[in-house]
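Per-entry structural report
Take a look at the letters that make up each chain.
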Amino acid sequence: MTNPARAVQEFRLPDLGEGLTDADWVHWAVAVGDRVELNQVIGEVETAKATVELPSPYVGTVEELLVEPGQTVPVGAPLLRIATEDGPAEPAGDSGGPSRPSVLVGYGPGDAPQSRRATRRASADAGRARDGDPPPARPDAKPGARKLAALLEVDLDTVTGTGRGGVITRDDVRRTAGHGDEPTAGHDEEPTAERPHSPAPEASPERTTRIPVGGVRKRTAEAVSRSAFTAPHASVFLTCDATATVDLVSTLRASPAFEGVRPTALSIVSRALLHAIADEPSLNAHWDDDTGEIVLHHDAHLGIATATSDGLKVPVVREAQRLSLPRLARSIAEVADRARTGRSTPPELTGSTVSVTNVGVFGVDGGTPILNPGESAILAVGAISDRPWVVDGALAIRKVVTLSLSFDHRLVDGEQAGRALATIGAFLGDPVPMLLADR
């Protein structure tokens, strides 16, 4: 009986989202010699927006792993090679030309340099598999621990897991890395008995920790740097009476229309921002550097700045101007929850045209947020607190909030920004008529 011909297929990093050019490899879910099935998860990558599981487009046996955890991989770069027993027999590395897999849409056109260490390790494992020895067992570690170990160059085989069932945790990796520290050059300690009469205590070496930057934090740093140095930022501020908004939120929480969702002041503020955009469309636009044109967006895709354990993420509510207040409140809650729990997909975290950030949840009165790249405005909402306020000529205690609007001065002038912020403040001061007018 004739054995089917074996072919080696090379799986490359696909395009995972709008405008993303690379991703950080988090961990492998397979090892050299493993049998993989169609759509079986082979590993995880972390993009600027989310952590994504990659499924295998082939059935076969893993021959080589070409990247290491912690490595930044360009779109289109090879990830691993799988030996299959059917499909097009186009071995990787064929001298006839570059491999051009087409198993997923959006592959990049070019090859990227592969990790030599990854290739050597994978080749060694493959050799053991061919000699009949099973590949070494992979240490049982959480994905976050694997990524941290790669960044700190800690061999997981040397780490003792203290998690449930012996699973290796981040703390285990940090502990091992700390035990492996070497004395700082030039600061070798001597026994104190040999220098008891030192005239003055020696300065201690500076205590610092260097944290490798990758994933969401790396992309956030790149984005805010690009925005800060390309868009001329300016900001306007307004402190306003939001007592009517706070009262309305309490009323809405008892309304059947909001069953299953908890409306917040951010829901009303977001509706106020969308209302202002209708009058000042330059706030929902971007500057096209290639053509020198202002591009006005007809739909408002509202970005919700969200603090997560991975760093800042901005999930998007699409066509927010079309949503009723209950649907807007529900959508904001849903996209923020998905971002915090790491369930957002890259498309859900891209494409916003205007953003809002609630810095008040941290107990601060306001700030000057940096624009999300490709946007012309971002509204910051401070803490709503009891403050003295003049009402009808008399001093009263009211719910007061400070708003700040940062904008791109290339396409928004102070006049437009000031009018828009005044509109938002008026909306929060008397939201019911505004909401009825927007229906």
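Up top is the structure these notes are about.
A brief report on the enclosed structure follows. Keep in mind that this is a model prediction, so the values were computed, not measured.

Side-chain positions along a regular strand alternate between the two faces of the sheet. Of the pairings in the sheet, the one linking strand β9 (residues 233–241) to strand β19 (residues 394–408) comprises nine bridges and is antiparallel in character. Looking at the pairing, H233 lines up with D408 of β19. Pairing geometry for strand β17 (residues 377–381) and β19, over five bridges, is antiparallel. Looking at the pairing, L379 lines up with L405 of β19. Across seven bridges, strand β18 (residues 385–391) lies against β19 in antiparallel orientation. Paired with R387 across the strands is R398, a residue of β19.

Moving on, we come to the pattern of salt bridges. Summed over the entire model, instances satisfying the criterion amount to 18 salt bridges. Here E37 ties to R35 by a salt bridge, and the two come within 3.7 Å at their closest N and O atoms. Put simply, R419 and E415 hold a salt bridge, and the shortest N to O gap is 2.5 Å. On the criterion of helical spacing, the pair formed by R419 and E415 is a turn pair, its members being four residues apart in helix α8 (residues 414–429). Here the salt bridges share partners, and the residues they tie into one network are E10, R12, E64 and R81.

All right, on to the sheet that holds strand β2 (residues 22–28) then. Pairing is antiparallel across the open sheet formed by four strands, whose spatial order is β5-β4-β2-β7. Pairing within the sheet leaves two strands with one partner each, and these edge strands are β5 (51–55) and β7 (72–74). With strand direction ignored, the average angle separating the axes of adjacent strands in the sheet is 45 degrees. Pairing between β2 and β7: three bridges, direction antiparallel. Its bridge partner being in β7, D22 is matched across the sheet by P74. Against the sheet, helix α4 (residues 215–230) touches β2, β4 (41–46) and β7, its axis set at about 170 degrees to β2.

What counts and how
- Residues numbered from 1 in each chain as written.
- Predicted model: local features only at pLDDT ≥ 70, side-chain atom pairs only at ≥ 80, totals over all residues.
- Heavy atoms only, no water.
- Pairing = 2+ DSSP bridges.
- Helix = DSSP H or I, 4+ residues; strand = E, 2+ residues; numbered from the N terminus.
- Salt bridge = Lys/Arg side-chain N within 4 Å of Asp/Glu carboxyl O.
- Axes fitted to C-alpha atoms, helices over the stretch in contact; angles between N-to-C directions.
- Contact = heavy atoms within 4.5 Å.

By themselves, these are just geometric observations and shouldn't be taken as functional.
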